[in-house]
Structure formats: C-alpha cells, structure tokens
Amino acid sequence: MIALAGAAGAAVVPLGAALIAKRAASARAARRVASAGMLVAFASALAASVATGGGERASVPVLIAAIGLVAVVMSPLGGATPRTFARILLVVGGTAAIVVTDVPVALALGWIGSIVPAWLELRSRRETRPSARAFAAYLVPSAALVTLGALLASTGLPPAYGLLALAAGLAIREAILPAHGWLPRFVEQAPMGLVVAFVAPQIGVFAHLRWLAGRLAPEVDLVLAVLAALTVVSAALLAVVQRRARRALGYFFVSQSALVAFGLDGDDVVGRSGAVLAWWTCGLATAGFAMTLAALEARRGALSLEHAGRSARQVPLLATAYVVLGLASVGLPGTLGFIAEDLLVSGAVHEHPVLAFALVVGTALNGITVARGFFTLFAGARAPVGERDLTLRERSVLTALVAALLVAGVWPSGPVRWLGLAEPPPAAASTR
Amino acid sequence: MTLEQSLRLAPVLAIAAPALAFALIALRLGIGHTPGERWTARLVALAFGVATLAIAGAASAMLVGGLTEVHVALGAWLEVADRALPFELVLDRLSVPFAGLAAGLVGLTGAFSARYLHRDRGFARFYLLLCLFGAGVELVLLGGSLELVFVGWELVGLTSALLIAFFDERPTPARHGLRAFVIYRVCDVGLLSAAVWLHHSAGGAGLDASERWAGVRVPAGALDATLVGALLLFAALGKSAQIPFGGWLPRAMEGPTPSSAVFYGAISIHLGPYLLLRAAPILERAPLAAGLVIAVGALTALHATFVGRVQTDVKSALAYASMTQVGLIFVEIGLGLPWLAIAHVVGHASLRTLQLLRAPSVLHDRGHLERAMGAELPRAGGHLERLVPARLQPWLYRLALERGYHDALVADRVLAPVVRWLRALDRLEERWIAWLEGRPAKVAREPERGEVVR
C-alpha cells in the first residue's frame, strides 16, 4: 500500500505540477514549479521505497522521479516555454503511472500518455514539426502494439499473440534494430529535458521485466538477444563517427538502451541483476550526461565534434560532470556502472558467449564516444573569459547524482540489497 | 602490531593513501577553492611516502617471516547468486617490488614536479590526476583478481589520456590524448573479456597461489587457455604501446614532462609486462599465446629501434627507446624468463624516469659536460649506420622518418575505410528519416578531415 502511494506520488504530483507550470508567467517560473513538483515526487517515491524496505518494483518510481528531477532542474531556458516544462512533467507522470498498476490496460494508457506530450512538443515548433511525423511513424505503431498486446492479454486469448505484440511494441520504444531510427532524430530535435524524461527511464525495460521476462518462447528470446547485441555494437559504431554532438548522443542512447534490454530475458540471475543495475545506472548517468551536454549547448550554441572546442578552464565543474557521468554510464570503475557491466556480461557469457563479447565491444566504443566529446568540446583552444561554469542549481543536482553513483560503485552491496537483486527474480505478472 | 596485522594493513595503505589524497584535492577543487601549491605538494609527498613505507614494511615483514605470498582478504565487494566479487589483495614476489618501485617513483616525480609546474594554472589538476594514477597503479599491482586489476587498469588509462591533454588550450594535446584513450579503451576489451571468460571456463578470475608468485587461474582446456592468453596479450599491447598499437606513445609526449616520465618511462608502460607475468601460468600452458607474445615484442623492438634512431627531439627518441626495451621484455616473458624480465623492468623504469626528467635540461647538461671536458662531445650511437650501405641510407632514413608507414597504414587503410563506410550508413539512415518527415531525402556527403574537395 505504501509502495503504491509512493508510486502514485511519483505519477500524480508531476501531473498536478504540469497544470500549474503550463499557466506560469514565464519559462523560468515554470521551471521553478516543475523543479519543486519533481522534488516532492522524488521525496515521496523515496520515502515509500524506504518504508517498504526497497525491492525492485517499489524502487522504480524513485528512478523515474530522479530522472525527471534532473531533467527539469537542468533544463536550459533558451527556446523553452512554460508548456515545454508542462510536457516534460506529463511525460514523467505518464511514465510513472505505468508502474502503479498491474492492469494491462493501464500499461497501454500510460504508454500513450507518455508519448503524446513528446509528440505535441515536436509539433509545437515549426522547425521540428516534420520530426513529429517521423516520431509518430515509430511510436504510434509501438503504442498500438502495446495496446493490442494488453487487450489480447485482458481478453484471455492464448497469451503468445499478446506477448508477441507487446514484445514488438516494447522493442520499438527501446529502439532495438531495425526500429531505432526515431531516437537519434528525436534527440537532435526535441528539448533535452524532454528527451531525458522520455528516453532515460527506459520504461520499456520495466514493461519488459513486468510482462515479458521469462514468458517468451526461447526462439523469440534468442532473436531479441541477437537484435539487442547487434544494436549495441552498430549504434555504438555510428555514435563514434558522428559530427554533431546531439546526434552522437542519440546513437549513444540507442546503444545503451539495447545493452540493458539484452540482459532482461536471460535465465541467469547474475545477468538479470546486471541488467537491472545497468538500467538504473544508465538511466541516472545518461540523464545527467545528456543534461550536461544541454548545459554546454546553452552556453556555446550547437556543438560540433568536427572542430576543436574550447578549454575547460572556465567551466571545470561542467567538464568534470560531463566526463564522470558519461563514463559512469559506460562502466567507469569506481561507479555503479562498472559493477552493472561486469554482472551483465558475466551473466550473458554462459548463455550467449559470442554476444557477451559484443556487449564488451559496444561498451568500449561508447566510452570512446564520451571521450571524443570530452576532448573535442573541452579542449583545443583558449576559452573566452566569462563563460559560466555550473550554476548553484545545476551544481546541486549534478553533485548529488555523481555522489550517488560513486558511493554505489564503492559499496554496491547496498543498492543490490535495496533493489532485491540478491534474491531470485519474481515470476512475471500473469497477463490473464 | 602483529606480523599478520601489519601485512593486512600495508597493501590497503598503499592504495588508500593516494586515493585519500586524490579525494582531498578533488573536494577542495569541487567547492571552488583551489589548494595552494605547497599544501598540494606536501599532501602528495605524504601520501606516496606512506605508500612506499607501507610496501617497504610489508617486504621486510615477509622477509623476516619467511613468507613469499600473502593473500589479504577484505571481504566481498559484491555477491549476487553464485557470482562474487571478492576484495582481495596480494603481496608476493611480483607485486611487492613493483608496488614499492611504483609508489617511490610516483612520489619522486611528484616532488620534482612541485618546481617544474610552479605557478602553472593546472598545478592542482596535475597532482589530482597523479594521485588517481598512483591509486590505480597500486590497485593493478596489488589486486588479487582480474576485476580489481581492471579497475586500476582503467583508472591508469583515463589519467594517462587526461594528462596527455593537460595543456588543453592547444588542439594537438587534445587530439593525442583522445588517440591514447581510444587505444587504451579498445585494448581494455581484452582484459575485461579475459576476466569474464575465466569466470566461464575456470570458475573465477582470482589469482591462485603458486610456487613462483600468485598467477591467473589456468582454464582446463588448452583452447580456453590460449584464448585467455591472447586476450591478456591484447590488453597488454595497448598499455605498453606494442605493435600495432604503438602509435600513441611518441604523441603522448605532449603532456608535462614529469607525467611522461612516470607514465611512459617508468610505470604505465610496464603494466603490460606485469600483466603477462601474472599470466605466466597461462602462457606456459598455451604455447601459441607465448609465441604471439614473443612475435609482438620482437617486431616492436625492431620497429621502435629503427624509427627511434632518426627522431629529432629528445622526448620522442626516449619514447621509442622505451618501446624497444618493453618489446624486449615481452620477448623475455614469452621465452619463459620471468626473473630476467623483472630485473629488466626495474632497471629500465629507473633509468628511463631519470632520462625523461632530465630531458628538458638536455642541452644544458650537454653544455656543462662540454665545458668540463673542454671539447665537443663525440657523436655516439652511429655504429649501426656504418653497417648500412650508403646508397640505402637515404631510403632507410626516409622510411624511419615516416615511422615505417605504420601509423599511416593503420589510419588510411584500416580506420579511414571503416569511418567512410559508417558515415555512408548514417547518411542512409538520415535519408530514411527525411523521407518519413517529408523532407528532401538527399543528404550531402560532408568531406572528411583533410580531404581535398575537387
């Protein structure tokens, strides 16, 4: 009951805050409202999770609320309107709503509820309106398939059809090859706060764990694993050669998302624990990483990876946050990401030895993408005097994020126990 | 304090002291208060002094107690089902001399740098990275499992790349820092994969006790042993700048001279041989892997000595000299001569650190010597050139100046086609999305860096 209240808090508070933020006088006021709302949502989700002693399910709202908090607090104001912040909150609320209930139809409603605000934001600007079409071309079928899967599950038909429809819908949202094309474009076009709120929680992973894990036929599992491994490596390769920082981040998201998806269907407890830890680490670290990129973009304009940037001497904290969060999301030793990667690969190697090596290669390539960004954006020329480092608002949230990842990396047993990963996995929810 | 307690404490101190110094400097920088030079230099000297003394104490205690190998178990880092990550450190006849030498040399370099980097704006940043490097190196050397070794290994790579790009207001150091990081990261795949495969094939990636020193667990199957041996060799290639991954080393000299000395003369470059020495039981079981170690080492030694002879700046010449010596050390390890390899590493590390630290003063030193002798110094090192026919000399000189076309081959024949192909794939993706968006689907190809557009 308490867990449900926490999850409800993570869903209802952002939805309520969205109504207020939409009517705010300026984007700055809207961000203030959104930040306060997300702080309350995060606190309620955390309190509920602590009160119930943690557990994988009870902790998911904490992850969603934490990512939402990072997204709104770090969102730059340039080009944003009060509606932008309202839509970010709606995406967070819709995503959190998915974890509140076990009713399949609620999954479909939450799924649609998180897609529509992102689509509306793309539609709201002339320059991004065409991208709304591409976004819809992928995400509408995803929503349709998830809804179909949920309806089939509710009607008591043989579960295989429903599960297949669900798996296809989730694969599109998780940007698994060949349904990945929408994500790099979305990252390039949408406000970064919205991108983070929509992509970083990887709600497809939750839905996968809740509805699909252990229930798919072994052949389907194998196909998904192969596609996920291919996505990890191919997206990582494409990220490395990008010329625009945002597009590189888009492929980075695709690769990292597939990395998590890879470990979800394995029978191995270690691999599954690694996947869940990777989900958390990737979610939090990539959220912070993407928002540091947005912060830099707000200071310097569109970021190119072709030409040398400027020294980090004026922005040392921003540069540090960029490199630590970027590398944390790809398994920097000393952060939780390393433990997650180690467990994920160790689990995978028993079932799919070749594919496990693909994960290691993909992660290495993603590390190169982060480093390429760092050495290109934060070095190469004298920085102009007066470039502003992290503000107090940005510094507070990034410090908390980095500290959490470092502490969890040095003492991983704590988060592992809190998430209930040392115990055998619960059976997937019945879809009947 | 009992012998056992002091032995438990020593490796922990050797890792924790630099780590703590790193944390203190980072904390002060994080709150926007750049620490003073004297405070920073003293803190770092204290940290590495403690680390050196701890290892020296452990060595004495082991000698007195007649111990050759001590495993210090500090509990489990993490346990999930049957997968445990034990936090275990190892003191033995391999780790103790290496760890003592490393702590001592990093400490000495730190002391030297206090004057060298005086009033440099990156003074605190340099020491911050030096401490992280020191902690990483001690973890590599004292780690009792390949996972712990990997943690230190990655930290060493990261600090190395960041120090190469230390002078961040120029484009070249940043490019070279990235190049080093890329090679490290690619080769680190070997170490992590070896650890994972050892878990799969041998039940764990810990170091097992043996007669000589603790060694990597040997898988039962010959094929598994060969695979793990090859993966560990791949990991060592990057860190030790062996062919075909050696191109980054001369470029790494863009960093401050003290960091060049400690990374590429003394410690970082010898971590490859250290890893292979730990893997000696596997190399004995897998002759193919041992043969690869010999081949790579011999090729690198030949290539580096050939190219090093025509270098016109002292740091590049020293970089190639380091590559040559490390190549020879690889050969010694592959031939099963571990004690010779250890002696070679210790001697080479000490000499090369001194040479690199004196490199900025080489003209001054030369002038001093000439004034003392009252004559110009005789030209040395020309004996091999006398053996080469005069007609071949200009051709060979040109070939050596171009580094045997090694770097150009890797860049133009391997990397460039891959990048071109990937970018073509990316353009296809863009065209597909443009079509969905109803935009013109033509995506123009942008010229590559340095490409002449006709």
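Provided above is the structure to which this section pertains.
Fair warning: this is a prediction, and the values are worked out from it, not measured in the lab.

K.L.:
Help me out: how do you make sense of the overall build of chain B in this one?
P.N.:
Along chain B, the regular secondary structure elements total 18 helices and four strands. Against the 2.2 N^0.38 benchmark of 22 Å for 454 residues, chain B shows a C-alpha radius of gyration of 24 Å, consistent with a compact globule. In terms of overall dimensions, chain B has C-alpha extents of about 75 × 75 × 55 Å along its principal axes. Counting only residues that meet the buried cut, chain B has 53% of its 454 residues in that class. In chain B, of all internal contacts separated by at least 6 residues, the share reaching a separation of at least 24 is 74%. Put simply, chain B shows about 20,000 Å² of open surface, and 65% of that area lies on carbon and sulfur atoms. Distance between charge centroids for chain B: 8 Å, based on 41 positive and 35 negative side chains.

K.L.:
What is the right way to read the pattern of salt bridges from this model?
P.N.:
Pairing is possible between side chains that carry opposite charge, provided their charged atoms lie close to one another. Scanning all chains against the criterion turns up 27 salt bridges over all chains. Note that A:Glu121 is salt-bridged to A:Arg87, the shortest N-O span being 2.8 Å. Remark: A:Arg87 occurs in helix 4 (residues 82–100) and A:Glu121 occurs in helix 5 (residues 104–123); sequence separation between them is 34 residues. A:Arg87 shares its class with A:Glu121; the two are buried. Ionic pairing is found between A:Glu188 and A:Arg247, a salt bridge with its closest N-O pair at 3.2 Å. Taken together, the positions of A:Glu188 in helix 8 (residues 182–189) and A:Arg247 in helix 12 (residues 245–262) put the pair 59 residues apart, joining distant regions of the chain. Its relative accessible area of 16% is what places A:Glu188 among the buried residues. Through salt bridges with shared partners, a single ionic network connects A:Arg185, A:Glu188, A:Arg244, A:Arg247, B:Asp426, B:Glu430 and B:Glu437.

K.L.:
Teacher, can you tell me more about the packing of aromatic side chains here?
P.N.:
Scanning the model with the defined rule gives 29 aromatic pairs over all chains in all. Plain terms: the ring middles of A:Phe374 and A:Phe378 are 5.6 Å apart, the flat faces sit at 35° to each other, and that makes the pair tilted. Across the pair, A:Phe378 and A:Phe374 agree in class, each one buried. When the ring of B:Phe234 is compared with that of B:Phe245, the centres are 5.5 Å apart and the planes differ by 85°; the resulting orientation is edge-to-face. Of this pair, B:Phe234 sits in helix 7 (residues 222–239) while B:Phe245 is found in the loop between helix 7 and helix 8 (248–251), placing the two residues eleven residues apart along the sequence. For B:Phe245, a relative accessible area of 18% gives the class buried.

K.L.:
When you look at empty space enclosed by the protein in this model, what are you seeing that I'm missing?
P.N.:
Empty space among the atoms becomes apparent when a probe as large as a water molecule is rolled across them. Residues and elements named next belong to chain A. Applying the stated rule across the entire model yields ten cavities of 30 Å³ or more. Reported here for the largest cavity is a volume of approximately 90 Å³. What lines the largest cavity is simply Arg173, Glu174, Trp182, Leu183, Phe198, Val199, Gln202, Ile203, Gly204 and Ser257. Residue assignment for the lining of the largest cavity shows that the elements contributing at least two residues are helix 8, helix 9 (192–199) and helix 10 (203–212). Residue classes in the lining of the largest cavity are distributed as five nonpolar, three polar and two charged.

Parameters and conventions
Residues numbered from 1 in each chain as written. Chains lettered and ligands numbered in written order. Predicted model: local features only at pLDDT ≥ 70, side-chain atom pairs only at ≥ 80, totals over all residues. Heavy atoms only, no water. Helix = DSSP H or I, 4+ residues; strand = E, 2+ residues; numbered from the N terminus. Rg over C-alpha atoms; globule rule 2.2 N^0.38 Å. Buried < 20%, exposed > 50% of the residue type's maximum accessible area, 1.4 Å probe, protein only. Contact = heavy atoms within 4.5 Å. Areas by Shrake-Rupley, 256 points an atom, 1.4 Å probe, with all protein chains shown as cover. Lys, Arg positive; Asp, Glu negative; His and termini not counted. Charge placed at Lys NZ, Arg CZ, Asp CG, Glu CD. Salt bridge = Lys/Arg side-chain N within 4 Å of Asp/Glu carboxyl O. Phe/Tyr/Trp six-rings, centres within 6.5 Å; stacked < 30°, edge-to-face > 60°. 1 Å grid on protein atoms, 1.4 Å probe; cavity = no way out; pocket = protein on both sides within 12 Å on 5 of 7 lines; lining within 4 Å. Points joined across faces, edges and corners; volume = space filled by probe spheres on them. Nonpolar A, V, L, I, M, F, W, Y, C, P; charged D, E, K, R; others polar.

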